[in-house]
Amino acid sequence: QVQLVESGGGLVQAGGSLRLSCVASSIIISISDMGWYRQAPGKQRELVATITRGGWSNYSDSVKDRFTISRDNDKKTVYLQMNNLKPEDTAVYYCNARDIKPIVGKISELWGQGTQVTVSS
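Residues numbered from 1 in each chain as written. Predicted model: local features only at pLDDT ≥ 70, side-chain atom pairs only at ≥ 80, totals over all residues. Heavy atoms only, no water.

### Let's talk about the state of the cysteines
Here's step 1: Taken as a whole, this structure holds 1 disulfide when the rule is applied.
Here's step 2: Put simply, cysteine 22 and cysteine 95 are joined by a disulfide, and their sulfur atoms are 2.1 Å apart. Every disulfide takes its handedness from the sign of the S-S torsion; for cysteine 22 and cysteine 95 that torsion is -80°, giving left-handed. Residue cysteine 22 is located in strand 3 (residues 18-24), and its partner cysteine 95 is located in strand 10 (residues 91-102); the two are separated by 73 residues in the primary sequence. An identical accessibility class is assigned to cysteine 22 and cysteine 95; each is buried. (Disulfide = S-S within 2.5 Å. Helix = DSSP H or I, 4+ residues; strand = E, 2+ residues; numbered from the N terminus. Buried < 20%, exposed > 50% of the residue type's maximum accessible area, 1.4 Å probe, protein only.)

Now the structure itself:
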């Protein structure tokens with residue numbers, strides 16, 4: 001069973017940095033788009049950043065110039081480098097992958113279990 005496993009969340013002071021990682025846990029032939037979303041308490045899940053298989057990235061305005069998304073296609077891993085963190089970045093961060101081709105079959109979309117990021121002022 002293919003799963004997305006996230007790591008790297010935690011508690012950091014405002015202005016600090018964290019790096020999130022997300023890896024597909026099974027043998028994967030390819031993954032199309034990968035990305036990060038976040039959900040703060042009482043709010044809807046929102047897009048943070050996405051990246052295509054070819055490396056084209058897209059960011060929400062609230063994180064542009066502070067966060068950087070990248071991926072390693074061979075390792076089936078996506079990263080989110082978060083710099084100059086602000087208290088409003090506090091949320092559960094979810095990894096997302098689309099158009100996944102495992103050894104057998106095809107999966108249209110997967111979500112990770114989420115990792116907590118807390119930024120103190």
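From this point, things continue past the structure.
### Concerning unusual backbone geometry
Here's step 1: Positive phi outside glycine occurs at lysine 76, with the angle close to 55°.
Here's step 2: Following the sequence through the fold, lysine 76 ends up in the loop between strand 8 (67-72) and strand 9 (77-82).
Here's step 3: In this structure, aspartate 99 is a non-glycine residue whose phi angle is positive, near 50°.
Here's step 4: With respect to the secondary-structure elements, aspartate 99 resides in strand 10.

### A short note on the environment of glycine 8
Here's step 1: Structurally, glycine 8 is set in the loop between strand 1 (4-7) and strand 2 (10-13).
Here's step 2: Measuring from C-alpha to C-alpha, the distance between glycine 8 and serine 70 comes to 15 Å, with 62 residues separating the pair along the chain.
Here's step 3: Excluding anything up to four places from it in sequence, glycine 8 contacts Leu18, Arg19 and Leu20. (Contact = heavy atoms within 4.5 Å.)

### Considering the nonpolar core
Nonpolar side chains tend to gather and get buried jointly when the protein is soluble and globular.
Here's step 1: One finds Trp36, Leu80, Met82 and Tyr93 to be the most contacted residues of the largest nonpolar core, which totals 31 residues.
Here's step 2: Looking at this core, the elements with two or more residues in it are strand 3, strand 4 (28-31), strand 5 (34-39), strand 6 (46-51), strand 8, strand 9, strand 10 and strand 12 (115-120).
Here's step 3: Considering every element that reaches this core, the biggest residue donor is strand 10, with 5 residues.
Here's step 4: Those residues in contact with tyrosine 93 that lie beyond four places of it in its chain are Glu6, Leu20, Trp36, Tyr37, Arg38, Val48, Phe67, Leu80, Met82, Gly114, Thr115 and Val117. (Core = buried A, V, L, I, M, F, W, Y, C linked by side-chain atoms within 4.5 Å.)

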